[in-house]
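Tertiary structure, described
Chain by chain, the residues:
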Amino acid sequence: MSVVVVMGAQWGDEGKGKFVDLLASKADLVVRATGGSNAGHTVWANGQQYKLHQIPSGVLYKGTLCVIGNGVVLDPEKLMEEMDYLEAKGVDLSGLRISAGAHLVLPYHVRLDGAEEDRKGANKIGTTRRGIGPAYMDKYARTGIRVVDLMDRDEFLSKLTAQVEAKNELLTKIYGLPGFTVEEIAEPYLAYAERIRPYVANTVELLNDAIDAGKNILFEGAQGTLLDVDFGTYPYVTSSHPIAAGSIIGAGVGPTRVDRVVGIVKAYTSRVGEGPFPTELLDEAGSRIREAGHEYGTTTGRPRRVGWLDLVMVRYACRVSGITDLAVPHLDTLAKTGIERIKVCVGYRLPDGTVTREFPVGLKALAQVTPVYEEFPNWSFDPAKGTPRQYEDLPEGARRYVECIEEFTGVPVSILGVGSERSDAIYRTSFFS
């Protein structure tokens, strides 16, 4: 039995979906316990692309239970779209389980999210405008509506009526926007309730019983460490906890039950949204990486900002989440760029000239650092030899790159991504018995 958490060690979009998909082949349960429909995982399997947002990537394996935990803010409308999308591709959804304790994203959350972003103008956070922040605000204000409420028509209508009244005050008097009627929200949401009812469960009991029974459990993180509301580049963060601890809190599983924490580190850095980005590339090299890596958001389609790999950031992520293993995708992407020299940030030069390996707390401090780089010759994969299948098959430059990551962070790189297909990976250890 093993309990493994997979989480992003950068600003999200690291390629978690691929590695969750790979590890899910030996997992009995795959759990998504943070975030909402603002997250997006892209998985290639059997020549098909799957874009997932709320449903765990393990859904592609028949017989695997896929759990949406308490910590997720669930958008039922988007969930319906995702279920329809997967069923049209022939995916079996019978293993889906949804926590009765998960909070709901409602239409007024989405409208408030967009209104607040518009109000901030140039100081906007850069949210996906999917209502995630306002839904979490209601959760922590103890006024949220949960899946368990949606399952009870009278309870749902009572709570919805109170919330529509309160949210209409904000929308009309503060933002000058139209409000909602209870009926226009209730009618579709009560229909959603009947569709998801067969999947709703007490997932805390389900997960802990599975661990007691010796099952293999895989926690699928959303977003990345630097988007964590406590430990990220605040305020340019999400509203939940993408770090490893967030997954287990959002699922109702104790920390003593976790065996491994896998941090996903893209071979370069990318981010969506605003805020300082020390290694950002605004030149041709950045454009080459963006195109070679198809760096456009799974959820929004927005072009991502890209830059060199920042090991100061990754080291910080390892400390915050207690990462035991690193997984590095996109080694093939760097090879495709044609860039002759690849840079890696191994320190931050402060305004006084000193160099540190510490990731700063404040945005002002982060905006003032200058990256200190080491350079490596780029590598290429020999087409005649096919995709590398063993670590020893990697070009020397790629191996030196991996060794630099290990030396700086003190954490072994246990999986490498060398292509888009689920088979294009190199394992240096095993995670599930």
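Notes on the structure follow. Residues take numbers from 1 onward in each chain, read along the sequence in its written order. Local features are withheld for residues below a pLDDT of 70 in this predicted model, meaning they are given only at 70 or higher, and side-chain atom pairs are given and counted only at 80 or more; totals for whole chains, interfaces and linings count all residues. Note that the side-chain values use all heavy atoms of the structure and ignore hydrogens as well as water.

Things to note about unusual backbone geometry
- Residue Pro-235 is reached from Tyr-234 by a cis peptide bond, and omega for that bond is 10°.
- Positive phi is not limited to glycine here, since Asp-13 has a value of about 60°.
- Where helices and strands are cited, they refer to DSSP runs of H or I of at least four residues and of E of at least two residues respectively, numbered from the N terminus. Checked against the element boundaries, Asp-13 lands in the loop between β1 (3-8) and α1 (16-24).
- Exposure is judged per residue with a 1.4 Å probe applied to protein chains only, and the accessible area is read against the type maximum: over 50% gives exposed, under 20% gives buried, and values in between give partly exposed. Note on Asp-13: relative accessible area 24%, which makes it partly exposed.
- Even without a glycine there, the phi angle at Gln-223 is positive, about 55°.
- By the element assignment, Gln-223 lies in the loop between β10 (217-220) and α9 (244-251).
- Of the residues examined, Gln-223 reaches a relative accessible area of 9% and is grouped as buried.

As for helix α14 (residues 396-409)
- By this rule the span expected of a helix is its residue count minus one, scaled by 1.5 Å. With 14 residues, α14 should reach 20 Å at 1.5 Å per residue; the first-to-last C-alpha distance of 20 Å fits that figure.
- For α14, every residue scored as buried is listed here: Gly-397, Ala-398, Tyr-401, Val-402, Cys-404, Ile-405, Phe-408 and Thr-409. On an axial view of α14, the arc spanned by its buried residues comes to 150°, and they lie on one face. Of the exposed residues in α14, those oriented more than 90 degrees away from the buried face are Glu-396 and Glu-407. In this description, the arc belongs to the directions extending from the helix axis to the C-beta atoms.

Examining the pairing of strand β19 (residues 413-417)
- When you tally the buried positions in β19, you get 5 out of 5 residues, the bulk of the element.
- We call two strands paired when DSSP finds no fewer than two bridges between them. Pairing of strand β15 (residues 325-328) with β19 involves 3 bridges; the strand directions are parallel. Within β19, the position partnered with Val-328 by the bridge is Leu-416.
- Taken together, the 3 bridges between β19 and strand β20 (residues 425-427) define a ladder with antiparallel strand orientation. Bridging across to β20, Ile-415 finds its partner in Tyr-427.

Focus on the pairing of strand β3 (residues 41-45)
- Side-chain alternation along β3 places His-41, Val-43 and Ala-45 on a buried face and Thr-42 and Trp-44 on a face that remains uncovered.
- In this sheet, strand β4 (residues 48-52) lies alongside β3 in antiparallel orientation, the contact comprising 5 bridges. Across the sheet, Val-43 pairs through a bridge with Tyr-50, a residue of β4.
- Hairpin connection, β3 to β4: the antiparallel pair is bridged by 2 residues, and Asn-46 has positive phi, about 55°.

Brief notes about the packing of aromatic side chains
- To pair, rings of Phe, Tyr and Trp, with the six-membered ring standing in for Trp, must have centres within 6.5 Å; the planes then decide the type, stacked if under 30 degrees apart, edge-to-face if over 60, and tilted in the middle. One pass over the full model with this rule turns up 8 aromatic pairs.
- Ring centres of Tyr-136 and Tyr-140 lie 6.5 Å apart, and the angle between their planes is 15°; on these two criteria the pair is classed as stacked. Here Tyr-140 and Tyr-136 lie together in helix α4 (residues 132-140), a separation of 4 residues that amounts to about one turn.
- Here Tyr-140 falls in the exposed class, since its relative accessible area comes to 58%.
- Between Trp-379 and Tyr-401, the ring centres sit 5.2 Å apart and the planes meet at 55°, which makes this aromatic pair tilted. Within this pair, whereas Trp-379 is found in the loop between β18 (370-377) and α14, its partner Tyr-401 is found in helix α14, the two being separated by 22 residues in sequence.
- Since its relative accessible area comes to 1%, Tyr-401 is described here as buried.
- Linked through ring pairs, Phe-156, Tyr-189 and Tyr-192 together constitute an aromatic cluster.
- Charge-over-ring contacts are defined here by two conditions on Lys NZ or Arg CZ: a distance within 6 Å of the ring centre and an angle within 35 degrees of the ring normal. We note Lys-89 situated over the ring of Tyr-50; from NZ or CZ to the ring centre the distance is 5.1 Å.
- When the ring centre of Tyr-391 is taken as reference, the NZ or CZ atom of Arg-428 above it lies at 3.9 Å.

Some words on α1
- The element α1 is extensively covered by neighbouring structure, given that 9 of its 9 residues are classed as buried.
- Restricting attention to buried positions, one finds in α1 the residues Lys-16, Gly-17, Lys-18, Phe-19, Val-20, Asp-21, Leu-22, Leu-23 and Ala-24.

Here we look at the packing of helix α11 (residues 311-321) against α14
- Viewed as axis vectors pointing N to C, α11 and α14 meet at an angle of 55°, and their least axial separation amounts to 9 Å. One finds that α11 runs oblique with respect to α14. The handedness of the crossing between α11 and α14 comes out as right-handed. Contact residues: α11 offers Leu-311, Val-312, Val-314, Arg-315 and Cys-318, while α14 offers Cys-404, Ile-405, Phe-408 and Thr-409.
- When residues are grouped by polarity, Ala, Val, Leu, Ile, Met, Phe, Trp, Tyr, Cys and Pro land in nonpolar, Asp, Glu, Lys and Arg in charged, and all others, Gly among them, in polar. Tallied by class, residues from the contact of α11 with α14 come to 7 nonpolar, 1 polar and 1 charged. Only the stretch in contact is used when fitting a helix axis, every axis being a line fitted to C-alpha atoms; angles between N-to-C directions are given from 0 to 180 degrees. Our angle categories are set so that under 35 degrees counts as roughly parallel, over 145 as roughly antiparallel, 65 to 115 as roughly perpendicular, and the remainder as oblique. In this scheme the crossing of two helices becomes right-handed for a clockwise turn of the near helix relative to the far one and left-handed for an anticlockwise turn of less than a right angle. Contacts: residue pairs with any heavy atoms within 4.5 Å of one another.

Let's talk about the side chain of Asp-424
- You can see Asp-424 is positioned in the loop between β19 and β20.
- In protein, a polar contact means a hydrogen-donor-capable atom and an acceptor-capable atom, both N or O and within 3.5 Å, with residues adjacent in sequence counting only if both atoms are side-chain atoms; elsewhere, any N or O pair within 3.5 Å suffices. At 3.5 Å, the side chain of Asp-424 forms a polar contact with the side chain of Arg-389.

Quick word on the nonpolar core
- In this description, a nonpolar core means a group of buried Ala, Val, Leu, Ile, Met, Phe, Trp, Tyr and Cys residues linked to one another through side-chain atoms lying within 4.5 Å. The biggest cluster of nonpolar side chains holds 68 residues, and the ones touching the most others in it are Ile-217, Leu-311, Ile-323, Leu-331, Tyr-401 and Leu-416.
- Discounting chain neighbours no more than four positions away, the residues touching Ile-217 are Ser-2, Val-3, Val-4, Leu-29, Val-31, Leu-207, Ala-210, Ile-211 and Phe-432.
- In terms of nonpolar packing, the next biggest core, distinct from the first, is built from 42 residues, Met-80, Leu-104, Leu-171 and Ala-193 among them.

With respect to the sheet that holds β20
- With mixed pairing, the 10 strands of this open sheet are ordered in space as β9-β7-β5-β2-β10-β1-β11-β15-β19-β20. Whereas interior strands pair on both sides, the edge strands pair on one side only; in this sheet they are β9 (200-201) and β20.
- With 4 bridges connecting them, β1 and β10 associate as parallel partners. When the sheet's bridge partners are listed, Val-3 is paired in β10 with Ile-217.
- Running over the sheet, α1 touches β1, β2 (29-32), β10, β11 (260-264), β15, β19 and β20 and is turned about 110° from β19.

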